[in-house]
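Each chain is listed here by its residues.
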Amino acid sequence: NNYKFKMQCDQRNILITHSRTVEATNIAEYVLSWSNFLMKGLDGCLLKNEALIEPSHCQDKRFLQIGLGSVGSEIARLAKVNAYKVWGIRKRGPSFHPHCNKIYSLDQLHSLLSTSDVVCCALSKDKLKASVFNRASLQHMKKGAILIFLNNCELVDLKDLKLTLQKGDLKAAVFDSTHPLLQSVKDIEGVFITPAIAAHPLGSCKRALDIFQ
């Protein structure tokens, strides 16, 4: 992380490898754990001591996966295994994907948010010039929907998210990040923050050594 790749690649005799993708399954399991936990309303049972909770089901709920790289694809696969109807968004637009019922382009986001129960964003900030989730897009979200961000909290306007949660328009927002910006929303009801643990247990150390050898 944080290496100046282009500068190093321009030098001779320097080889750069990465081994991040081996944690894709761990990240996908993290996302589906939160999705199922919140979709079934178990947060109310555990955090609010609601005795008469009736868990809902995940079957046929719409899961919108934004970003379909190695991590996003694995999330889509597990979501489909969990009986969600999976829609995918990729920057290059519609095309076939084995784990998505339908594929759309990013400019169709607003129309998809209005019918999506779970929205997971696996895009990186460096691939986009502006926040994906601002006041306009958050206003299009289905009431009671769940938002999940993977170490990319800069893709959402946190002030607008705070207002949306306080109005009760969203059920929850999950962040797996240690970004200091999240301090502004950490005490808001419906916000869940974990310290960049989605990829754990890490398995890349051995793989990185294997590649180097």
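Structure report, in brief. Remember, predicted model here, so these are calculated numbers, not experimental data.

## Side note on the environment of Lys-162
Mapped onto the fold, Lys-162 is located in helix 7 (residues 158-166). Owing to a relative accessible area of 31%, Lys-162 belongs among the partly exposed residues under this scheme. Residues Lys-162 and Ser-184, spaced 22 residues apart in sequence, show a C-alpha to C-alpha distance of 8.8 Å. With residues near it in sequence (within four places) discarded, Lys-162 still touches Ser-184, Val-185 and Ile-188.

## Description of the pairing of strand 6 (residues 170-176)
For strand 6, the tally of buried residues reaches six of seven residues, placing the bulk of the element in the interior. Pairing of strand 5 (residues 145-150) with strand 6 involves six bridges; the strand directions are parallel. If you follow Ile-148 over to strand 6, its bridge partner there is Val-174. Crossover strand 5 to strand 6 through helix 7 is right-handed. Direction of pairing for strand 6 relative to strand 7 (residues 191-194): parallel, over a ladder of four bridges. The residue of strand 7 that forms the bridge with Asp-176 is Thr-194.

## Points about the sheet that holds strand 4 (residues 118-121)
Strand order in the open sheet made by the seven strands is 3-2-1-4-5-6-7, with parallel pairing throughout. Of all the strands in the sheet, the pair left with one neighbour each is strand 3 (102-104) and strand 7. Averaged over neighbouring strand pairs, the angle between their axes works out to 15° when direction is ignored. Each of strand 1 (62-66), strand 4, strand 5, strand 6 and strand 7 touches helix 2 (residues 24-39); the most contacted strand, strand 5, lies at about 160° to it. Sheet strands in contact with helix 7 are strand 5, strand 6 and strand 7, and its direction is about 145° off that of strand 6.

## Let's talk about the side chain of Thr-194
On the secondary structure map, Thr-194 appears in strand 7. Residue Thr-194 is classed as buried on the basis of its relative accessible area of 11%. A distance of 2.5 Å separates a polar atom in the side chain of Thr-194 from a polar atom in the side chain of Tyr-30. One polar contact links Thr-194 to Asp-176, side chain to side chain, over a distance of 2.6 Å.

## A look at helix 7
Considered for burial, the residues of helix 7 that qualify are Leu-158, Asp-160, Leu-161, Thr-164 and Leu-165. What you see down the axis of helix 7 is that its buried residues fit within an arc of 155°, all on one side. Along helix 7, exposed side chains directed more than 90 degrees from the buried face belong to Lys-159 and Gln-166. The inward-facing, buried residues of helix 7 contact helix 6 (135-139), strand 5, strand 6 and strand 7. With a side-chain oxygen lying 3.1 Å from the backbone nitrogen of Lys-159, the N-terminal cap of helix 7 falls on Asp-157.

## A closer look at the environment of Cys-120
Here Cys-120 is to be found in strand 4. Among the residues examined, Cys-120 registers a relative accessible area of 0% and is labelled buried. Measuring from C-alpha to C-alpha, the distance between Cys-120 and Gly-72 comes to 8.6 Å, with 48 residues separating the pair along the chain. Not counting the four nearest positions on each side in its chain, Cys-120 is found in contact with Val-31, Phe-63, Leu-64, Gln-65, Ile-66, Ile-75, Ile-148 and Leu-150.

Calculation rules
- Residues numbered from 1 in each chain as written.
- Predicted model: local features only at pLDDT ≥ 70, side-chain atom pairs only at ≥ 80, totals over all residues.
- Heavy atoms only, no water.
- Helix = DSSP H or I, 4+ residues; strand = E, 2+ residues; numbered from the N terminus.
- Buried < 20%, exposed > 50% of the residue type's maximum accessible area, 1.4 Å probe, protein only.
- Contact = heavy atoms within 4.5 Å.
- Pairing = 2+ DSSP bridges.
- Right-handed = clockwise from strand over helix to strand, strands pointing away.
- Axes fitted to C-alpha atoms, helices over the stretch in contact; angles between N-to-C directions.
- Polar contact = N/O pair within 3.5 Å; in protein donor to acceptor, adjacent residues only side chain to side chain.
- Arc of directions from axis to C-beta.

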